[in-house]
Amino acid sequence: MCVASNVQQISLYDERFRTVLDSSASQLLADLDAGRVSATELAKACLNRIAECDGSVGAFLSVQAESALKSAAEIDRRRANRETLGALGGIPVAVKDVLCTEEEPTTCGSRMLESFRPPFDATVIRKIRKADGVIIGKLNMDEFAMGSSTENSAFQVTRNPWNLERIPGGSSGGSAACVAAGMAPIAIGSDTGGSIRQPAAHCGVSGLKPTYGRVSRFGLVAFASSLDQIGPLARSAEDLALMLGVIAGHDERDSTSVNVPIPRYLDAIQESCKGLRVGLVREHFEAGLDDAIADAVRTAVGVLESQGAEVCDVTLPHAKYAVATYYVIACCEASSNLARYDGAHYGYRTDENEMREELANERQKLLAQGNQAAIEDLDSPLVRMYRRSRSEGFGPEVKRRIMIGTYALSAGYYDAYYLKALKVRRLIRQDFDEAFQHVDVIASPVTPTTAFPIGEKTDDPLSMYLADLFTASGNLAGICGVSVPCGFDSANLPIGLQLQGPPFSEGRILQAAANYQRETDWHLRRPPLP
Amino acid sequence: MPGVLPVLNRRAFDLSLRTAVALNCEIANFTKWDRKNYYYPDLPKGYQISQYDLPFSRAGWLDIRDSKGRFEPNKVGIIRVHLEEDAGKSMHDETAGEADSLIDLNRAGTPLLEIVTEPDIRSPEEAKAFLTELKLLLTYLDVSDCNMQEGSLRVDANINLHVPSQSGDGKIATPIVEVKNMNSFRAVERALSFEATRQFAIWQETGQKLGDVPKQTRGWDVSSQTTKGQRHKEESSDYRYFPEPDLVPVTVTKEEVAAIRDGLGELPAGLRDRLEREFGISQYDSEVLVSQGRSLVAYFAAVAESIGDGKLASNWVQQDVLRMLKERSITIEQFPIPVGELAALLKRVAARELNTSKAREAFMEMLDTGKSAEEAIEAMGIEVVEASDVEQLCRELIGSNPKTVEDFRAGKKQAIGALIGQAKKRNPNVDPAQVKEICVRLIETAQ
């Protein structure tokens, strides 16, 4: 893992910088504008914090200290010149390694892309830079975004800042841990089945999955094209609103991005919750849910109610099919999206000499056996290169999902699996459409348990998949969802509250979240890291 | 590359619609794209974006006919026309004992229109005619220049035989062979011809029917002028088609289709019919003219209209104008003789005031110097002979050559030659054919 070098040491006990690391992005913006802190000082504070604790946490895969300080200095110069700055005006941002950053490492947590440096910036990255965000580094993740614990990274494990023996969640584990530990005020993640909301919940931070099509996917390395969305993680709903305003918008390079107006999210969150109709899903509180989580969620909804919200029950009858439906669709799309990684054009390629030797040996053996048919069937060097590069470059979970997806799309199985899953997906969406006739926001748990120990589920993929119980349906339906901290269990592990709304209602769910955060202080708690 | 996304090429879709409408297809109200998944070095993503079960058009046709009567007019059905992306280009270099394959990825992702016909084509000649007519249509529509050598048109031909059964009733179908790697229309014709013969020999030897063996793929080999079996490892590939999630479906309304149909302009088939009707020219003539493109047709029509003689205009445009365009490698737009001047020249010819060979000399003079018809005729010392003058001359000659006339009347038809010779001596500008015609008439109508 790369660590920032050449960073001037800043005293940890400098009160000013301690406050900096604790502050939300919105507070920091105010400080920047008021001249109480500079962009360079902010960048240094983050880089220093990374140097200080990322050795234990392992959130970052690469840190771009030099370019970050350069950008920060330029922003300071422009601010001093009274030039107009973008909405982020010098705020440090860290990015999940699944987004293309020009000429910087973009590994997707995989050996397959360990050496890959894209020749272009993702649209979201371009927007962040244009808004004068300072990108400080790339964050660890489950390989190709496949996982719920960040244990599937080919490079390192990320640890939950609240308890270093526990997972931070996944696949945006690095993003959540980074924000929780104060290494950056805002991080960008991606969410396909819960990969922003779940780690946010496990790490006690706020995370938003926008409506499918709200944010451009151009430059996001694809896992499941109809489910992936890019979103922010931060310490408050207000910061999420700030960041969403920066990254949202139609992009002609992404045909699935939608051309609808971008509301002023920072204004929307000022509204009160009076009259807001909040639904609790009957099916969510059935067996399998941690008591601590059920209690925390109900208490949280109680807070909203005390703020004027009206609470009622809703039903999502097809909720129990969400995980299976999600895994069929996601794996099918992934099996196709990952076909391009073959060692030919970029990324990892198997050792060619070893490969040729291996083939030669096989051919010898077959010749000796006189097995003509087998000789004719022997891989050509090209095919053997594909085979070895993919076997060596991909980790086991990625291979597992590619195989599941290939199987489910194959002749004879397509109808029973993929097509069926598409039909159930529509039913799941219809459940939400119906529910949203009666409520504005659906409140629910984010995860069935709090953060489990590292290594506990690695031998039980199916059990790992069930972690997506409360979040995957949101991706299937394409709706938006935010996760905010709402308590702790007896082991002092964070619990998240999910608020979901109809398509393009981010303003409203952030409004509910912001109101909740005005009334509670869960989001202000900090992990016991030095 | 990781992170990139496809976007539908709007212009390609518009051109595709034009093509499908011109091919009389039904245009789908709702269409979508699908991923066709397979591995090949010229397919960098590992899948090709194509259309599977909901192509944007289906059920059309293209009429073909042969003015030389080599086959009966045939309506070739079009099963579907769909839009997909092209793969890269594989070039197999087998020089110097090496067997290298080079892959050019520049072509990957460019839009490709796939047109699939019904098996309505009944001979290699029909196949060539179909391709010729399709190319003509697509160039008229400004959709493609259909150049097989450059790769803007590629053809795969599926062929089998229907052999009359022994019992005399019905036909037996032989296994289908797909022929690839033909790089010209002529190659298509030859390959199919070769295949038909080869398949018949196989039939006689094995009696294999459609369904007995899997479909074979063979490549046309130019050097040996034969088809060769291609070794294919996969029987029937499972492409695991599924709807392309990165592209949204497209709807096309009836109004949009009507607007496209209205905007097509006159197409080759209709244009040929109109020329035949309006200008009284033959099928062959209309074919030649229309095959040269709208501009040349317009030139012809203007000349024909001006002189009131379609056949004459057609002859001159086909022979003289076209020859010059070819020899000088210019287009009709660059042709220096304006419609009006050619018409003026041809009016003289039509009125028998100028014979054809003199007219041709004047034509060349006009071409090379830019003179008008009148100026050219004068400059070359060609005297236009009035019809009345020719008649007068003939009367004189008949009067002064009673023996020749008597010989002619007695049955020696070639005697008229003497009169023609004398006429030319008297006036080198006369049209010998005209002299002959007038003399014969005068002789025959005289008592």
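Residue indices begin from 1 for each chain and proceed along its sequence in written order. Written order decides the labels, with chains lettered from A and ligands numbered from 1. Only residues with pLDDT of 70 or above have their local features reported here, since the model is predicted, and side-chain atom pairs are shown and tallied only from 80 upward, although totals for entire chains, interfaces and linings are computed over all residues. Working from all heavy atoms in the structure, the side-chain values ignore hydrogens and water.

Here we look at the overall build of chain A
- Of regular secondary structure, chain A possesses 19 helices and 11 strands.
- Taken over C-alpha atoms, the radius of gyration is set against a globule rule of 2.2 Å times the number of residues to the power 0.38. Here the C-alpha radius of gyration of chain A, 23 Å, is about what a compact globule of 530 residues would show, namely 24 Å.
- In terms of overall dimensions, chain A has a C-alpha envelope of 80 × 55 × 45 Å along the principal axes.
- Burial classification: accessible surface area is computed with a 1.4 Å probe over protein chains only, and a residue below 20% of its type maximum counts as buried, one above 50% as exposed, and the rest as partly exposed. Every one of the 530 residues in chain A was classed for burial, and the buried ones make up 62%.
- Residues count as neighbours in contact if any of their non-hydrogen atoms are within 4.5 Å of one another. Summarising the internal contacts of chain A: among those between residues at least 6 apart in sequence, 77% fall at separations of at least 24.
- In the structure as shown, chain A presents an accessible area of about 19800 Å², 49% of it carried by carbon and sulfur atoms. Helix and strand labels come from DSSP, where a helix needs a run of H or I of at least four residues and a strand needs a run of E of at least two; each type is numbered from the N terminus. Only the protein chains shown count as cover for residues, and the accessible areas themselves come from Shrake-Rupley with a 1.4 Å probe.

A short note on the overall build of chain B
- Counting secondary structure elements, chain B contains 15 helices and 17 strands.
- Here the C-alpha radius of gyration of chain B, 30 Å, is well above what a compact globule of 447 residues would show, namely 22 Å.
- Projected onto its principal axes, the C-alpha positions of chain B cover 95 × 55 × 55 Å.
- In chain B, which comprises 447 residues, the proportion classed as buried is 43%.
- Looking at chain B alone, contacts between residues at least 24 apart form 66% of all its contacts between residues at least 6 apart.
- By element, 49% of the accessible surface of chain B is carried by carbon and sulfur atoms, the whole surface being about 23600 Å².
- When charges are counted, Lys and Arg contribute as positive and Asp and Glu as negative, whereas His and the chain ends are disregarded. For charged residues, the charge sits on one atom: NZ in Lys, CZ in Arg, CG in Asp, CD in Glu. In chain B, which carries 57 positive and 70 negative side-chain charges, the distance between the mean positions of the two groups comes to 3 Å.

What about the interface of chain A and chain B?
- Counting residues at the interface gives 39 residues for chain A and 29 residues for chain B.
- When two parts are brought into contact, each loses some accessible area as probed by a 1.4 Å sphere; the total of that loss over both is the buried area. Among the residues chain A hides against chain B, the three largest losses belong to S255, S336 and R340 of chain A. Together they make up 22% of the total.
- Salt bridge, as used here, is a side-chain nitrogen of Lys or Arg placed within 4 Å of a carboxyl oxygen of Asp or Glu. Counting across the chain A and chain B interface gives one salt bridge.
- Mapped onto the side of chain A that touches chain B, the elements with two or more residues apiece are α11 (322-337), α13 (372-377), α14 (381-393) and α15 (396-409) of chain A.
- Of all the elements, α11 of chain A adds the most residues to the side of chain A that touches chain B, at four residues.
- Three classes are used: nonpolar for Ala, Val, Leu, Ile, Met, Phe, Trp, Tyr, Cys and Pro, charged for Asp, Glu, Lys and Arg, and polar for all others, with Gly counted as polar. Taken together, the residues of the side of chain A that touches chain B sort by class into 20 nonpolar, 10 polar and nine charged.

Some thoughts on the confidence of the model for chain A
- pLDDT measures the predictor's confidence residue by residue and takes values from 0 up to 100. Across chain A, the average pLDDT comes to 93, with 96% of residues at or above 70.
- Between residues 1-14 of chain A, whose pLDDT stays under 50, and residues either more than four places distant or in other chains, the model counts 23 contacts.

Let's talk about a nonpolar patch on the surface
- Here a patch means residues that are over 30% exposed by relative accessible area and free of salt bridges, tied together within 9 Å if like-charged and within 5 Å if nonpolar (Val, Leu, Ile, Met, Phe, Trp, Tyr). On the surface, a nonpolar cluster with roughly 300 Å² of combined accessible area is contributed by Y407, Y413 and Y417 of chain A.
- Relative to the assigned elements, Y407 of chain A resides in helix α15.

Describing helix α14 (residues 416-426) of chain B
Residue and element names in this part refer to chain B.
- Looking at α14, one finds that the buried residues are I416, L419, I420 and A423. The buried side chains of α14 occupy one side of the element, clustering within an arc of 100 degrees when seen end-on.
- Residues of α14 that are buried in the fold lie against α12 (387-400), α13 (402-410) and α15 (432-445). This arc is built from the directions going out from the helix axis to the C-beta atoms.

Some points on the packing of helix α10 (residues 291-306) of chain A against helix α19 (residues 506-519) of chain A
Residue and element names in this part refer to chain A.
- It is at 10 Å that the axes of α10 and α19 come closest, and there the two elements cross at 95 degrees. On the basis of the axis angle, α10 is roughly perpendicular to α19. Contact residues: α10 offers A300, V303 and L304, while α19 offers A512, Y516 and E519. Only the contacting stretch of a helix is used when fitting its axis, a line to C-alpha atoms as for every element, and angles between N-to-C directions run 0 to 180 degrees. When an angle is under 35 degrees it counts as roughly parallel; over 145 it counts as roughly antiparallel; between 65 and 115 it counts as roughly perpendicular; any other value is oblique.

Some thoughts on the side chain of E143 of chain A
All names here are of chain A.
- If you trace the backbone, E143 turns up in the loop between β3 (134-139) and α6 (173-180).
- Buried charge without a partner: E143 forms no salt bridge, and the closest opposite charge is K399, 8.5 Å away.
- Look past the residues within four positions of E143 in its chain and what remains in contact with it is C108, G109, S110, N152, S153, G393, F394, G395 and V398.

As for the sheet that holds strand β6 (residues 74-85) of chain B
Residue and element names in this part refer to chain B.
- Strands were regarded as paired on the criterion that DSSP finds at least two bridges between them. What the four strands build is an open sheet, ordered β1-β5-β6-β9; its pairing is antiparallel. Every other strand in the sheet has two partners, leaving β1 (26-27) and β9 (111-117) as the edge strands with one partner each.
- Packing of helix α2 (residues 124-140) onto the sheet brings it into contact with β5 (57-64), β6 and β9, and relative to β5 it is tilted by some 110 degrees.

Some remarks on the sheet that holds strand β16 (residues 242-243) of chain B
- Taken together, three strands build an open sheet; the order of strands is β4-β3-β16 (chain B) and the sheet is antiparallel. Every interior strand has two partners, whereas the edge strands, β4 (47-50) and β16 of chain B, have only one.

Let's talk about unusual backbone geometry
All names here are of chain A.
- Cis geometry is adopted by the peptide bond preceding S171, which originates at G170 and carries an omega value of 10 degrees.
- Within the secondary structure, S171 sits in the loop between β3 and α6.
- Residue R82 is not a glycine yet carries a positive backbone phi of 60 degrees.
- If you trace the backbone, R82 turns up in the loop between α4 (65-80) and β2 (92-96).
- Assessed through its relative accessible area of 77%, R82 is described here as exposed.
- Of note, the phi angle at N492 is positive, near 60 degrees, even though the residue is not glycine.
- The residue N492 is located in the loop between β10 (480-488) and β11 (494-501) in this model.

So, the nonpolar core
- F60, I128, F144 and L499 of chain A are the most contacted members of the largest nonpolar core, which has 156 residues in total.
- In terms of residue count, α11 of chain A provides more of this core than any other element does, 10 residues in total.
- Discounting residues that sit within four places of it in the chain, L499 of chain A has contacts with L304, V441, I442, A443, C480, G481, V482, I509, A512 and A513 of chain A.
- The next biggest cluster of nonpolar side chains, apart from the first, holds 50 residues, and it includes L17, A127, L137 and V177 of chain B. Residues belong to one nonpolar core when they are buried, are Ala, Val, Leu, Ile, Met, Phe, Trp, Tyr or Cys, and are joined through side-chain atoms within 4.5 Å.

Focus: the packing of aromatic side chains
All names here are of chain B.
- Only Phe, Tyr and Trp rings are paired, with Trp represented by its six-membered ring, and only when their centres lie within 6.5 Å; those with planes under 30 degrees apart are stacked, over 60 edge-to-face, the remainder tilted. The full count for this structure, using the stated rule, is 26 aromatic pairs over all chains.
- Centre to centre, the rings of F194 and W220 are 6.5 Å apart; their planes meet at 65 degrees, and the pair counts as edge-to-face. Of the two residues, F194 is situated in helix α3 (residues 185-206) and W220 in strand β14 (residues 216-221); the sequence distance between them amounts to 26 residues.
- According to the relative accessible area criterion, F194 is partly exposed, its value standing at 26%.
- Residue classification places W220 among the buried positions, given a relative accessible area of 3%.

A short note on the pattern of salt bridges
Residues and elements named next belong to chain A.
- By the definition in use, this model includes 61 salt bridges over all chains.
- Of the charged contacts in the structure, one is a salt bridge between R384 and E358, with a shortest N-O distance of 2.8 Å. Taken as a pair, R384 in helix α14 and E358 in helix α12 (residues 352-369) lie far apart in primary sequence, 26 residues in all.
- Through salt bridges that share partners, E354, E358, E362, D379, R384, R387, R388 and E392 make up one connected network.

Observations regarding the confidence of the model for chain B
- Per-chain confidence: chain B averages 91 in pLDDT, with 97% of residues scoring 70 or above.
- Scored by ipTM, the complex comes to 0.92, with pTM at 0.89.

Looking at the pairing of strand β15 (residues 226-229) of chain B
Residues and elements named next belong to chain B.
- Summarising the sheet, β14 and β15 pair through four bridges and their orientation is antiparallel. In the sheet register, R218 faces β15, and the bridge partner there is G229.
- Between β14 and β15, which follow one another and run antiparallel, lie four residues, and Q225 among them has a positive phi close to 55 degrees.

Things to note about the packing of α2 of chain B against α3 of chain B
Residues and elements named next belong to chain B.
- At a minimum axis distance of 8 Å, the contact between α2 and α3 shows a crossing angle of 155 degrees. Judged by the inter-axis angle, α2 sits roughly antiparallel to α3. For the pair α2 and α3, the crossing hand works out as right-handed. Facing α2, whose interface residues are P124, E125, A127, K128, L131, T132 and K135, α3 presents F185, R186, V188, E189, L192 and S193.
- Of the residues that constitute the contact of α2 with α3, the class distribution is six nonpolar, two polar and five charged. Note: crossing handedness is left-handed where the near helix turns anticlockwise from the far helix by less than a right angle, and right-handed where it turns clockwise.

Focus on the side chain of T40 of chain A
Residue and element names in this part refer to chain A.
- Residue position: T40 is located in helix α3 (residues 39-57).
- Judged by its relative accessible area of 18%, T40 is buried.
- Excluding residues that lie within four positions of it along the chain, T40 makes contacts with L69, A72, A73 and D76.

Overview of the pairing of strand β13 (residues 177-180) of chain B
Residues and elements named next belong to chain B.
- Here three bridges tie strand β10 (residues 157-159) to β13, and the two strands are oriented antiparallel to one another. Bridging across to β13, I159 finds its partner in V177.
- Relative to β14, β13 runs parallel, the two being bridged by four bridges. Residue pairing across strands places V179 opposite R218, the latter belonging to β14.

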